[in-house]
Structure formats: C-alpha cells, structure tokens
Amino acid sequence: MAISADIIITNAHVLTMDDENPLAEAIAVRGNRISFVGTPEGAALLHGSQTRIINAGGATLLPGLIDSHYHLLLGSLHLDDIQLHGLTAFAQVADRVRSYVASHPETEWLVGYGMPYGLAPDGGELTRAHLDSLVPDRPLLLTAFDGHTAFANTRALELGGAMRGYDCGPNSEIVLGADGLANGELREPGAFGPLRALLPKPDAVRKRALLKLGLAEAAQYGITSIHNMDGNMERLMLYQSSEQAGELTVRVYVPFDITPATERDQITEALAMRSAATGRLVRAGAVKFFMDGVVEGYTGLLLDGYAEQPNRFGEANFTPEQFNELATEADRLGLQIFVHAIGDLAVRRTLDGFEAAQHINGKRDSRHRVEHIELIHADDLPRFAELGVLASMQPYHAPIPPDYGSVWCGRVGPQRWERSFAWRSVLDAGARMAFGSDWPVVSQNPLIGLGVAVNRTAWQPGMRSQAVTLAEALAAYTTGAAYAEFEERRKGMIRVGMLADLALLDRDMSAMPSTELNHTRVALTMCDGRIVYEG
C-alpha cells in the first residue's frame, strides 16, 4: 500500500520545469520531498487521515523561486531605516524624512535607504545644503538604492571627519565642492564607510526581529532559496542559529567576502565556513569579489569613457594581477567564485581572471559567476560558454523606457544601449543564466522580475529589445538558479524525490497576458516541506 502524503496540491496547472514531464495537475509531499507528480486521481490514492488537501483552483504551481543575488541580513536591517524607494521628487523625500524625524525624536543618527539618483530640487546635484534644509541639527545619511553612493548632511560629514576629504582607497570618492569642502556625495564604501561605522548597531534581539521581517517578505513572494552576496563566518552562524530556532524560511547560500585587503591565505576561511554549514537550509563554499562599482556613481569600470564625462572610465577595486592571483587561489581550493562586475571592462577583467585560473589549475566544473553584467562587449559574449562561466543578472535593474532621461541611460549614452542588460544576447551566445533581484536594491518580488524580462521593449527603433521568453525567464529563477549553486539534482524543478520547495500563484499563468505578471500574487509558499506563507 502506498504511504500517505502529508500535503496534496490538486487541481493545479503545474509547471514542473522538468523537460521529461513538463506539465501535471497534482503533486504530493511527504516530509521534505515531493512524493508524487501527476493527475488528481493518482494523488488521491495518497490521501490519508492526516493529509492536508489544497485545491489550487486551476492556478499555476511552480518550483520554489530562487533569487540568485540577494542580501538577506543587509536588506532586513534596512527595514528600520527611512524608506525612500520609488520616490520621484525631492519634495517626496523631504516629506518622508521629516515624518521620520518627527516620529523618532530620540534617534541620534537618521538613516535612509533607497534614495534615487537625480532628485535635487533645483535639477543639479544633491548636496549637503539640500539635506541641511531637512535636518540641520542631527546627522542624516541617505544611501542610494544601489548601496554604492551615500548623501550626507553637514552634521554627518563633521562627525565622520569627512568635511575636508580623506584617503578613500581605490574607486571611492568624497566629492568636493568649489570651496574644497565635501559637497555631501560619497561614492563607494571607502568614502561613506567611516560614517556608517558611527551608526548605532542593533542588539541581537532587534537584529533577529528584523531578520524575521525580511524572511517573511521573501516567503510572501514565493522565494525558497537565496544566493546571499555578502558573508563571513559570523553571518553564517546567525543564519544557522535562525534555522535551529525554526525561524529560517529560505535556503541560504553564503559566500566569504574577499576585499582588496584580503590576503591569499585568508581565503581558507571559506573552507571553514563550508565545513561549519551543517544544517539543511544553510550552505557555504563560495567567495565574493567586487570588481567595480556602479554606472550611476561613475565607479563602474568601462572600456570607453562615460558619455557625460568622456575622459572618465571608472576604476577597479582590484588590479588585474591581484584579482587573478586571488581568483586562482580560490579556484585551486575548489571554491565557487561570484564577482560583481557592472561595466564592460569589469566583465572582461573578470573573465580574464577566470581564464587565468583555468590555465593554471586546469578546467573543472567550477561554475564561476559574473554578477550583474549591466554592460558587455560583443567580443566577450562567447567567452561565457567557452569558460563555463555563468551569467547572474537582475532584470528589474534595467531602466524601463520611455525613461531615457534616467541617470544610468545618460551615463552610458545611446551608443551602448543595445548591449546594456543584454539578456537575449547572453543567452544566444550559449551562456547559462540565473536571475535575481539584488534585494534591497530593488523589490525582491520575482514576478516583477519576470515581467520586466519578458516584456522589455527596444530602447530605440531598430534596436534589439533583449527580452527573453517566459520559459527562459522561469528557468533563470528555477533550474538555472539551482544549477548556479550546484543544487540542480535537489531543487529547481517539480519531480519525485526533489526537495519540496514550491510556490503556488493566485492565477493560471498560461491564461493571462505577460503584462499581468507583475500583478500576480503568491498564494502559498512551501520550503523544505513546510508551508511558510499562505495568503
């Protein structure tokens, strides 16, 4: 007699992402595994006295969605900050800041996150004078949505010792005004890090509470796995502690951060993290580099000058020799490598480093990854397939027409738009692709990302749109993302024996236009056989 299921989901449009069995109408779960995929009649044979039956009402059931570029703790801690995402005018920023100030009279440092670029009230650059008009007597630090630029008022600059500038290190800048004093814009962590170091730290109880809020948000969007893009042993232990307490509701892949100050022998900490990750939901075994910054702050590394400042190319955080040496050592140790690379020269140097590691260590199934790839030169497209390198990209980062006046579009210029966020070109060149959000940079909702990827239109007449099909976009959030972390045999599709990570939508995806994707909601999320969200 068949063993009864714990949960049966029936009357569903099941997109299994399994090429051998692409569609089904019902599935069954026992423990943390999928035990049946097929018809409602077949699933009914597994109905026992304790089985919960969920009628999907014809809605789409997907494998749990995997966000391949995410900042779990960082995003969660920012939930306490002034929320500035999506604002379109300085007046809105002013209202949001003043409201927060009024409701937090005892808060010493006022911190905002999600600040858009280009919102100065006079159409120029945002300066400390603008922020002083909002808060003159307490330090105010507003971080841009991408986390690579901060804007500070005079009091914050004074407390941080930044008024006359200081040595920021590579690819960072305290922007100075004509008077030789800081104008309030701080580009990259080398510039704003000393100010952030002064911020009060949440205690362990508050940190845990904020982490639970971030996890709850992920669960309501059908996210069951994340590839965390920052990490160390302390952070790994925090996630494992959350798992042990039964609070962790996603699978977390945690890398070890490598900075320009990292010594070669320190990379072995990533091995220690891999050994320490003993739970079911938390894994390690990767390292993370930042090759460059971002286009918005002129810190993305470009082959040709910025359209607005042709003599400016951006900088790299690592010299080619330094990156090649550290990447080769990480590769030798059997670690996967993630590299933030925004500009086309940053992408090229990253691929050069991976090629150098293969030349020295030999070719293996390393699945090294380039993260973001906002610009790419045509000559580098075939190198992904040739080197076995994965493209990890974030659809919702792309500016959406007709907003051609965006800071990003203006920085690169129309001559580079066709090879910007080039998802179609990357796929056509034979690369494997994984999608994510980079939360908290943009919304972590994968259905928004799907909609952007599928519905993108050409930025100019005659230009390639770079859109992908719905099947390709879904694969990038499921099977492709699972492959990108060596987990394709355990998750990313709905198949008997696979982990019971599932996302049930509130409608049938096949029966609606693609323009409705970002209006679709998740009705139920299951991670490791446990329902972690039910709307």
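The structure under discussion appears in the preceding block.
About the cut-offs
- Residues numbered from 1 in each chain as written.
- Predicted model: local features only at pLDDT ≥ 70, side-chain atom pairs only at ≥ 80, totals over all residues.
- Heavy atoms only, no water.
- 1 Å grid on protein atoms, 1.4 Å probe; cavity = no way out; pocket = protein on both sides within 12 Å on 5 of 7 lines; lining within 4 Å.
- Points joined across faces, edges and corners; volume = space filled by probe spheres on them.
- Helix = DSSP H or I, 4+ residues; strand = E, 2+ residues; numbered from the N terminus.
- Nonpolar A, V, L, I, M, F, W, Y, C, P; charged D, E, K, R; others polar.
- Axes fitted to C-alpha atoms, helices over the stretch in contact; angles between N-to-C directions.
- Parallel < 35°, antiparallel > 145°, perpendicular 65-115°, else oblique.
- Left-handed = near helix turned anticlockwise from the far one by under 90°.
- Contact = heavy atoms within 4.5 Å.
- Buried < 20%, exposed > 50% of the residue type's maximum accessible area, 1.4 Å probe, protein only.
- Pairing = 2+ DSSP bridges.

Looking at empty space enclosed by the protein
Part 1 of the reasoning: As enumerated under the stated definition, the model contains two cavities of 30 Å³ or more in all.
Part 2 of the reasoning: Here the largest cavity defines a volume of roughly 50 Å³.
Part 3 of the reasoning: Every residue along the wall of the largest cavity is listed here: S225, I226, R251, V252, Y253, R280, L281, R283, E485, E487, R490 and K491.
Part 4 of the reasoning: Contributing elements (two or more residues each) for the lining of the largest cavity: β15 (223–228) and β16 (251–257).
Part 5 of the reasoning: No other element matches the three residues that β16 contributes to the lining of the largest cavity.
Part 6 of the reasoning: Each pocket or cavity is described by its volume, and for the second largest cavity that value is around 40 Å³.
Part 7 of the reasoning: Looking at the second largest cavity, the residues that line it are Y396, G436, S437, V442, S443, Q444, N445, P446, G449 and Y477.
Part 8 of the reasoning: Along the lines of polarity and charge, the residues of the lining of the second largest cavity split into four nonpolar, six polar and no charged.

Quick look at the packing of helix α10 (residues 320–332) against helix α11 (residues 344–361)
Part 1 of the reasoning: In contact at an axis separation of 8 Å, α10 and α11 are set at 50 degrees when each is read in the N-to-C sense. With respect to α11, the element α10 is oriented oblique. Along this stretch, α10 crosses α11, giving a crossing that reads as right-handed. For the pair α10 and α11, contact is made by P320, F323, N324, A327, T328, D331 and R332 and by R349, T350, D352, G353, F354, A356, A357, I360 and N361, respectively.
Part 2 of the reasoning: Taken together, the residues that form the contact of α10 with α11 break down as seven nonpolar, five polar and four charged.

Details of the pairing of strand β4 (residues 26–30)
Part 1 of the reasoning: Within β4, four of the five residues are buried, which leaves the element mostly enclosed by the surrounding structure.
Part 2 of the reasoning: Relative to strand β5 (residues 33–38), β4 runs antiparallel, the two sharing five bridges. Bridged to I27 within β5 is V37.
Part 3 of the reasoning: Linkage of β4 to β5, two consecutive antiparallel strands, is achieved through a turn of two residues, within which G31 is found at a positive phi near 65 degrees.

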